[in-house]
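Chains, contacts and geometry: an overview
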Amino acid sequence: MSTNDPSITLYRLQACPFCERVVRVLHDLDLEYRSRFVEPLHSRRNAVKRLTGARTVPAIVDKNTGVTMSESARIVEYLERTYGEGATAETATDRAGGEA
Amino acid sequence: MDLEFDIVDLPEDDHVAEGEQAPGFTRPLVNEEYWEDVPLAELLEQPPVVLVFHPMDGSFPATYVWNEIDDREWHEAATVVGVSIATPYAHKRLIEEEALADYRLYSDPGNDVAREYGVVHDLDGMAGIEEPRPAVFVLDGDGVVDYAWVAGEWPEFPPYDEVEDALASL
């Protein structure tokens, strides 16, 4: 839709801390985004699998840059590098394991 | 022979009438893969839109209504979406179990949309729970109600042929 179509779409799971981490960064950077909620069972996440090749969330699609990626640490690093003020890439050293 | 069951008459309602502007709203809209907040205005970009208010997922009328609509392939003629008080998770089950890939369902646990449209149904014996009355609204691309049907009895099912006539005459 024209008036309300943010370039960033976040695929998320309700109450998933890794997803909330990405949400916090989106808020911190004052970025508009659209949330798409998927279900806890990985087998029900074909929409995510088609996008990223994996069924884990969080995952984002950024139409601005053509980027599609998963894993919260990578996403946070990407968002800060792309939209943050200056280089704040040290967050990328966070571990990326244990995603939902 | 007497049929010993009761069809309950519902009180008069004051629903959004034909020719009136349909109230706008935004709620999570569930498809077979995920849900996201979608304004009604977004659906109106692909008119006509059929809003189907139905009892909560899991009730037999919800199953009947969606099977009938699916059999009649309303999605070929319109953007057809449901509205009930069910959670997005329950909507996902209904879509999956009844194979409703061509339809999407709005989740409105607070029943505010039904209130806006004047189709509230207070449920007897379920304290604190109200849901929409069965109702169907056909909207044109400007969001004007072209056809409206609201149940006057409980249970009552939509007059499917009438809705199809309304769609055909748009």
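Residues numbered from 1 in each chain as written. Chains lettered and ligands numbered in written order. Predicted model: local features only at pLDDT ≥ 70, side-chain atom pairs only at ≥ 80, totals over all residues.

A tally of helices and strands in chain A yields 3 helices and 4 strands. In chain A, the succession of α and β elements from N to C terminus is β-α-β-α-β-β-α. Taking contacts inside chain A between residues at least 6 apart in sequence as the whole, the part at least 24 apart equals 53%. (Helix = DSSP H or I, 4+ residues; strand = E, 2+ residues; numbered from the N terminus. Contact = placed C-beta atoms within 7 Å.)

In this section: the interface of chain A and chain B. Contacts between the two partners involve 10 residues from chain A and, on the opposite side, 9 residues from chain B. Of all elements in the fold, only strand E2 (33-38) and helix H2 (46-52) of chain A reach the threshold of two or more residues within the side of chain A that touches chain B. Ranked by the residues each element gives to the side of chain A that touches chain B, the list is headed by E2(A), at 5 residues.

Glycine aside, residues mostly have negative phi, and peptide bonds are mostly found in the trans state. Residue and element names in this part refer to chain A. In this chain, valine 57 is followed by proline 58 through a cis amide linkage whose omega measures 5 degrees. For proline 58, the location among the structural elements is in the loop between H2 and strand E3 (59-62). Its identity as a non-glycine residue notwithstanding, alanine 15 has a phi of 70 degrees, on the positive side. Checked against the element boundaries, alanine 15 lands in the loop between strand E1 (8-13) and helix H1 (17-28). On the basis of neighbour count, alanine 15 is assigned to the exposed category, with 9 C-beta atoms found within 10 Å. Positive phi values are uncommon outside glycine, yet glutamate 71 reaches one of about 80 degrees. With respect to the secondary-structure elements, glutamate 71 resides in the loop between strand E4 (67-70) and helix H3 (72-83). (Buried ≥ 20, exposed ≤ 12 C-beta atoms within 10 Å, placed from the backbone.)

Residue and element names in this part refer to chain A. Checked against the element boundaries, isoleucine 8 lands in strand E1. The exposure class of isoleucine 8 is buried, given the 20 C-beta atoms found within 10 Å. Spatially, the C-alpha atoms of isoleucine 8 and leucine 79 are 10 Å apart, while their sequence positions differ by 71 residues.

Let us now look at the confidence of the model for chain A. Taken over all residues, the pLDDT of chain A has a mean of 87, while the share at 70 or more is 82%. Throughout residues 88-97 of chain A the model reports pLDDT below 50, and contacts reaching past four residues in sequence, or to other chains, amount to 14 contacts. (pLDDT = per-residue confidence, 0-100.)

With that settled, the discussion passes to the packing of H1(A) against H3(A). Residues and elements named next belong to chain A. Two elements in contact, H1 and H3, have axes whose closest approach is 9 Å; the angle formed by their N-to-C orientations is 5 degrees. What the angle tells us is that H1 and H3 run roughly parallel. Residue-level contacts link Phe18, Arg21, Val22, Val25 and Leu26 of H1 to Ser72, Ile75, Val76, Leu79 and Glu80 of H3. In terms of residue class, the contact of H1 with H3 is made up of 7 nonpolar, 1 polar and 2 charged. (Axes fitted to C-alpha atoms, helices over the stretch in contact; angles between N-to-C directions. Parallel < 35°, antiparallel > 145°, perpendicular 65-115°, else oblique. Nonpolar A, V, L, I, M, F, W, Y, C, P; charged D, E, K, R; others polar.)

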